[in-house]
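# Geometric and topological summary
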Amino acid sequence: MQKIADLIGAEAERAGQAALARGGELARAGAVQLVRFGPALVTAEVDDGAACVEFRLVEEALRRYCSCPEGREGVFCAHCVATAQSVRMRTERKDSPGASSATASARTVRTAS
């Protein structure tokens, strides 16, 4: 799961200043709910379902989608930034010494496939 997290983080670093600022606000406010977090797929609902974000590994390349108008045009929007920051925080928690898997996944809601 670290690979997808690393790719998402690298992509987020190239986002515009406005998206970085707003995405940071959303992440700090707890507006991101990670719905799925796996080795090749991350999905999230951001801002109470105002936007749905998906990051997917396809043939070693990161594909992304956000349901907001900017995201549908291919922009790495604030919702993508917020999701990327939440993924980073989740992987840092999971990798920190003493973190249990129950603690690391307590805020993740899984849906049926």
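The following paragraphs examine the structure supplied in this document. (Residues numbered from 1 in each chain as written. Predicted model: local features only at pLDDT ≥ 70, side-chain atom pairs only at ≥ 80, totals over all residues. Heavy atoms only, no water.)

## Details of the pairing of strand 2 (residues 41-46)
Of all 6 residues that make up strand 2, 5 are buried, and the element is covered over most of its length. The turn joining strand 1 (residues 32-37) and strand 2, which pair antiparallel and follow one another in sequence, is formed by 3 residues. Examined bridge by bridge, strand 2 and strand 3 (residues 51-58) share 6 bridges and lie antiparallel to one another. Opposite Val-46, over in strand 3, you have Ala-51 as the bridge partner. (Buried < 20%, exposed > 50% of the residue type's maximum accessible area, 1.4 Å probe, protein only. Helix = DSSP H or I, 4+ residues; strand = E, 2+ residues; numbered from the N terminus. Pairing = 2+ DSSP bridges.)

## A word on the pairing of strand 3
Side chains of strand 3 alternate between two faces, with Ala-51, Val-53, Phe-55 and Leu-57 buried and Cys-52, Glu-54, Arg-56 and Val-58 left unburied. Counting the residues that bridge the hairpin from strand 2 to strand 3 gives 4 residues, and of these Asp-47 lies at a positive phi of roughly 60 degrees. The pairing of strand 3 with strand 4 (residues 61-66) spans 6 bridges and is classified as antiparallel. Paired with Glu-54 across the two strands is Tyr-65, which belongs to strand 4.

## A short note on unusual backbone geometry
Most of the time, phi is negative for any residue but glycine, and the peptide bond is trans. The phi dihedral of Glu-59 is positive, around 50 degrees, even though this residue is not glycine. Of note, Glu-59 is situated in the loop between strand 3 and strand 4. Using a relative accessible area of 79% as the deciding quantity, one classes Glu-59 as exposed. Positive phi values are uncommon outside glycine, yet Glu-60 reaches one of about 70 degrees. Summarising the element assignment, Glu-60 is placed in the loop between strand 3 and strand 4. Taking the relative accessible area as the measure of exposure, Glu-60 reaches 57% and is therefore exposed.

## Some thoughts on the nonpolar core
Ranked by internal contacts, the top residues of the largest apolar core, which has 29 residues, are Leu-34, Val-42, Phe-55, Cys-66, Phe-76 and Cys-80. The set of elements that each furnish at least two residues to this core consists of helix 1 (2-12), helix 2 (17-28), strand 1, strand 2, strand 3 and helix 4 (78-95). (Core = buried A, V, L, I, M, F, W, Y, C linked by side-chain atoms within 4.5 Å.)

## A look at the packing of aromatic side chains
Applying the stated criterion across every chain, the model contains 1 aromatic pair. Geometrically, the ring pair formed by Phe-55 and Phe-76 is tilted, given 6.0 Å between the ring centres and 40 degrees between the ring planes. Here Phe-55 is found in strand 3, whereas its partner Phe-76 is found in the loop between helix 3 (69-72) and helix 4, with 21 residues between them in sequence. With relative accessibility at 7%, the residue Phe-76 sits in the buried group. In this structure, Arg-90 is placed above the aromatic ring of Phe-37, and the distance from its NZ or CZ to the ring centre is 4.3 Å. (Phe/Tyr/Trp six-rings, centres within 6.5 Å; stacked < 30°, edge-to-face > 60°. Lys NZ or Arg CZ within 6 Å of the ring centre and 35° of its normal.)

Function-wise, these values are silent; they only describe arrangement.
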